[in-house]
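Each chain is listed here by its residues.
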Amino acid sequence: MTSFPATRLRRFRRTGALRDLVRESEVSLDDLVMPLFVAPEALSNERLPAMSRFTVEGLVREVEELVRAGVKSVILFGIPESKDDEGSGAWMEDGIVQQALRALRPRFPELLLITDVCLCEYTAHGHCGVIHDNEIDNDASVELIARTAVSHVEAGADVVAPSDMMDGRVGAIRELLPHTPLIAYSVKYASSFYGPFRDVAGSAPSFGDRRSYQMDPGNVREALRECALDLAEGADMLMVKPALPYLDVLRAVRDRFDVPLAAYNVSGEYAMVKAAAAAGDLDERGAALESLTSIKRAGADVIFTYWAKDFASWL
């Protein structure tokens, strides 16, 4: 008798066809959302090409390429021509995101248009809400955030995604938009992995930080409370951000809530792989696919990622 066991798990690893047959988690292009930045002036980013700024006209051309490649969903971030203390460019009828939506909607009726709803790109101080007496005024900010969401839908957005982390903003938006799908950035940590995004969006705070409203990285039970509150207020989908340093949180949310769940594969995660690949330390495609698979395996139904366009070409 042989001393080897009858069960040999390597049998299904022997060929690519066998591995495909029993794969438990697999990323599809249908799962991915491509972030896009629109601004009055274009700004290319050679080091991080997916984080370039587009004019409205340039955005239309970029979206044409994305749709041709098979990308089905995008999320828009706007960088206005000027900023003020209230972030009024966020909800103006001719704001940069509103212009982009009106340009994209008739040309790409099949494309899912999601908008990030926040004030940080539009405020002169870079915070996600308005400031009164040197504090972020939660309730005054919520009113403006809800106003911004309405302006996006009126301009053609299919889905709004509030990312500000103000208490009560989901309920305020839901009251004004009872029929619009809402993706809540329910679990958004005060992370060090947002640096490249803030550079591109020009949204770094001019003073202090965002720890008074974004979550403490050490907390997971609080994350579950945030999710429960947002669902009670009318959120249709939850999001965890960032993704890779918080896969345990993503799994905890998946296990607790049986609703659509998203994760944001953020700019710092993208930049790290890009830098390591440029240095010859790893293969970008392999590392990107492994990263996206880990996010899907941890429980995400939807992944917001700067690799969406590349992923389409890798298919």
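So, how was this worked out
- Residues numbered from 1 in each chain as written.
- Predicted model: local features only at pLDDT ≥ 70, side-chain atom pairs only at ≥ 80, totals over all residues.
- Heavy atoms only, no water.
- Helix = DSSP H or I, 4+ residues; strand = E, 2+ residues; numbered from the N terminus.
- Core = buried A, V, L, I, M, F, W, Y, C linked by side-chain atoms within 4.5 Å.
- Buried < 20%, exposed > 50% of the residue type's maximum accessible area, 1.4 Å probe, protein only.
- Contact = heavy atoms within 4.5 Å.
- Phe/Tyr/Trp six-rings, centres within 6.5 Å; stacked < 30°, edge-to-face > 60°.
- Lys NZ or Arg CZ within 6 Å of the ring centre and 35° of its normal.

1. Overview of unusual backbone geometry
A negative phi holds for most residues other than glycine; trans holds for most peptide bonds.
Now for step 1: That bond from Lys241 to Pro242 is cis: its omega, -5°, falls within 30 degrees of zero.
Now for step 2: Positionally, Pro242 belongs in the loop between β9 (237-241) and α8 (247-256).
Now for step 3: Non-glycine residue Asp133 carries a positive phi angle of around 55°.
Now for step 4: Its location among the elements puts Asp133 in the loop between β5 (131-132) and β6 (135-136).
Now for step 5: The backbone phi angle of Met165 is positive, close to 70°, even though this residue is not glycine.
Now for step 6: You can see Met165 is positioned in the loop between β7 (159-162) and α5 (169-176).

2. Focus on the nonpolar core
The nonpolar side chains of a soluble globular protein tend to be buried, and buried together.
Now for step 1: Grouped together as the largest cluster of nonpolar side chains are 108 residues, with contacts concentrated most on Leu36, Leu59, Val253 and Phe304.
Now for step 2: Counting residues per element, this core draws most heavily on helix α4 (residues 138-155), which supplies seven residues.
Now for step 3: Beyond its immediate chain neighbours, meaning those up to four positions away, Val253 contacts Leu224, Cys227, Leu238, Val240 and Leu261.

3. Quick notes on the packing of aromatic side chains
Now for step 1: For the coordinates displayed, the defined rule picks out 10 aromatic pairs.
Now for step 2: Relative to Phe304, the ring of Tyr264 has its centre 5.7 Å away and its plane inclined at 25°; by these criteria the two rings are stacked. Taken together, the residues span a long stretch of sequence, with Tyr264 in strand β10 (residues 261-265) and Phe304 in strand β11 (residues 302-305) at a distance of 40 residues.
Now for step 3: Classification of Tyr264 by relative accessible area gives buried; the value is 1%.
Now for step 4: Exposure remark for Phe304: the relative accessible area of 0% places this residue in the buried category.
Now for step 5: Every member of this aromatic cluster is reached through a ring pair, and the members are Phe37, Phe77, Tyr185, Phe197, Tyr264, Tyr270, Phe304, Tyr306 and Trp307.
Now for step 6: Taking the ring centre of Tyr194 as reference, the NZ or CZ of Lys188 above it sits at 6.0 Å.

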